[in-house]
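# Descriptive analysis of the structure
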Amino acid sequence: MELLTGKCKKAFEKIVNKTHHKLIFRMGSNETTTGTLILWDDFPLSLKYGVQVDFFDENHIYVNVRYNEVAKMFMYSISTQPVQDDIFSRAIYKTRQEARTEAIKKANELYNSKN
């Protein structure tokens, strides 16, 4: 599922192609040890989410997904300054992955409206 669109997608792809297009896992501490190459499309969802959050951090859109103990559900919040009150917040998701997906969609929307 493609979560990023428009200007956000283009900017993100530029960053991914430059810095995160591949990841090599190395076994052991020796530099000559061979590793396994993993392409972006094969990244686990949680790793993709982390790279996307890093991208948004660099663009001053701060995404946070957490468990709401009272509601017994996951929620996300988004702000545009590290210490600012949340500008978007939702607490209606049964799973962390649902909350992450919706948070990235909302951050994408915010990025596209700002740029």
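For the structure itself, consult the block above.
Since this is a predicted model, take the numbers as computed values, not measurements.

Once that is clear, we can look at helix α3 (residues 96–114). For α3, spanning 19 residues, the distance from its first C-alpha to its last is 27 Å, which sits close to the expected 27 Å at 1.5 Å a residue. Of all the positions in α3, only A99, R100, T101, A103, I104, K106, A107, N108, L110 and Y111 are classed as buried.

Enumeration over the complete set of coordinates arrives at five aromatic pairs. Seen in terms of ring centroids, F12 and F55 are 5.3 Å apart; in terms of plane orientation they differ by 85°. Their pairing is edge-to-face. Taken together, the residues F12 in helix α1 (residues 6–20) and F55 in helix α2 (residues 45–58) connect sequence positions 43 residues apart. Neither F12 nor F55 differs from the other in exposure class; each is buried.

Turning to its location among the elements, I87 is positioned in the loop between β4 (73–79) and β5 (88–93). Sequence-wise, I87 and S77 are 10 residues apart; in three dimensions their C-alpha atoms are separated by 7.3 Å. Not counting chain neighbours up to four residues away, the residues in contact with I87 comprise I78, S79, T80 and L110.

Contact pair α2 / α3: the axes reach a minimum separation of 11 Å and the direction vectors enclose 30°. Taken together, the axes of α2 and α3 are roughly parallel relative to one another. The handedness of the crossing between α2 and α3 comes out as left-handed. Residues L45, S46, Y49, Q52, V53, F55 and F56 of α2 form the contact with α3, whose participating residues are Q97, R100, I104, A107, N108 and Y111. Looking at the contact of α2 with α3 residue by residue, the classes come out as eight nonpolar, four polar and one charged.

What counts, and at which threshold
Residues numbered from 1 in each chain as written. Predicted model: local features only at pLDDT ≥ 70, side-chain atom pairs only at ≥ 80, totals over all residues. Heavy atoms only, no water. Helix = DSSP H or I, 4+ residues; strand = E, 2+ residues; numbered from the N terminus. Expected span 1.5 Å × (residues − 1). Buried < 20%, exposed > 50% of the residue type's maximum accessible area, 1.4 Å probe, protein only. Phe/Tyr/Trp six-rings, centres within 6.5 Å; stacked < 30°, edge-to-face > 60°. Contact = heavy atoms within 4.5 Å. Axes fitted to C-alpha atoms, helices over the stretch in contact; angles between N-to-C directions. Parallel < 35°, antiparallel > 145°, perpendicular 65-115°, else oblique. Left-handed = near helix turned anticlockwise from the far one by under 90°. Nonpolar A, V, L, I, M, F, W, Y, C, P; charged D, E, K, R; others polar.

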